[in-house]
Amino acid sequence: MTMSRKAHLVQTALELFYRDGFHATGIDKILRESGVAKMTLYNHFRSKEELILAVLEERDRRFREWFRTELDKAAVTPKEKILAAFDVLDLWFRGEFRGCMFINAAAEYSDKNDDIHHLSGDHKQQMLSHLTELVQAANAPDPETLAYQLNLLMEGAIVMAPFGQNCLPQAF
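Residues numbered from 1 in each chain as written. Predicted model: local features only at pLDDT ≥ 70, side-chain atom pairs only at ≥ 80, totals over all residues. Heavy atoms only, no water.

1. So, empty space enclosed by the protein
One water molecule sets the probe size; rolling that probe over the atoms shows where empty space is left. Applying the stated rule across the entire model yields two cavities of 30 Å³ or more. The volume enclosed by the largest cavity comes to roughly 90 Å³. Forming the walls of the largest cavity are Phe-63, Trp-92, Cys-100, His-123, Lys-124, Met-127, Leu-131, Asn-151, Met-154, Glu-155 and Ile-158. Of the residues assigned to the lining of the largest cavity, the class counts are seven nonpolar, two polar and two charged. (1 Å grid on protein atoms, 1.4 Å probe; cavity = no way out; pocket = protein on both sides within 12 Å on 5 of 7 lines; lining within 4 Å. Points joined across faces, edges and corners; volume = space filled by probe spheres on them. Nonpolar A, V, L, I, M, F, W, Y, C, P; charged D, E, K, R; others polar.)

In structure tokens form, the structure reads like this:
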């Protein structure tokens, strides 16, 4: 089955934004890489920002689906899944990791009222909610606090991952 032009634009933009950044990637580059006419792009998206929102929505869907699938492959019980979360992150880091697209988007669109910034925060909230569900299912005491603490550790790992093993204490 062939990808629709809209899906192809989103996929091409996702790859370019992730690799080169949002501000550094212009519409002309996306058109050139996708082979889609400018009119087609603007039939689907009124602006670059609208395209970015579509890209982030797609990335959110894919990442959360991937994360849940990998947790399910790695572990059975909620407690095991919580522990496996860092192994799943490590799989991501060892792939074609270029940082977190949502952290990058929030940094480039730092106005807290910006829809792109807001959508990036929604992704982080969804990840925290999933972690909270796992912690609650594991019957941990004070699950909201534990989930928040684990989430901070995960986000810290995501931020530090581009720096490689040199940022970890020697005991690791």
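2. Topic: the side chain of Lys-81
Structurally, Lys-81 can be placed in helix 5 (residues 78-94). Looking at Lys-81, the relative accessible area reads 16%, which means it is buried. With residues up to four places along the chain from it excluded, the contact list for Lys-81 reads Leu-71, Asp-72, Ala-75, Val-76 and Leu-134. (Helix = DSSP H or I, 4+ residues; strand = E, 2+ residues; numbered from the N terminus. Buried < 20%, exposed > 50% of the residue type's maximum accessible area, 1.4 Å probe, protein only. Contact = heavy atoms within 4.5 Å.)

3. A look at the nonpolar core
Core analysis: the biggest nonpolar cluster contains 48 residues, and Phe-17, Ile-30, Leu-51, Leu-56 and Phe-67 have the highest contact counts within it. Every element with two or more residues in this core is listed here: helix 1 (5-20), helix 2 (27-34), helix 4 (48-74), helix 5, helix 6 (101-108), helix 7 (115-137) and helix 8 (143-160). By residue number, the principal contributor to this core is helix 4, which donates nine residues. In contact with Phe-17, not counting residues within four places along its chain, are Phe-22, Thr-25, Ile-30, Lys-48, Leu-51, Ile-52, Val-55 and Met-101. (Core = buried A, V, L, I, M, F, W, Y, C linked by side-chain atoms within 4.5 Å.)

4. Examining the environment of His-123
With respect to the helices, strands and loops of the structure, His-123 is situated in helix 7. Looking at His-123, the relative accessible area reads 3%, which means it is buried. As for His-123 and Met-154, which are separated by 31 residues in sequence, their C-alpha atoms are 14 Å apart. Once you skip the residues sitting within four places of it in the chain, His-123 turns out to touch Asp-60, Phe-63, Arg-64 and Phe-102.

5. Let's talk about the side chain of Thr-25
Tracing the backbone through its elements, the reader meets Thr-25 in the loop between helix 1 and helix 2. Judged by its relative accessible area of 0%, Thr-25 is buried. Within the local environment of Thr-25, its side chain forms a polar contact with the backbone oxygen of Gly-21, the two atoms lying 2.7 Å apart. Those residues in contact with Thr-25 that lie beyond four places of it in its chain are Leu-16, Phe-17, Asp-20, Ile-30 and Lys-48. (Polar contact = N/O pair within 3.5 Å; in protein donor to acceptor, adjacent residues only side chain to side chain.)

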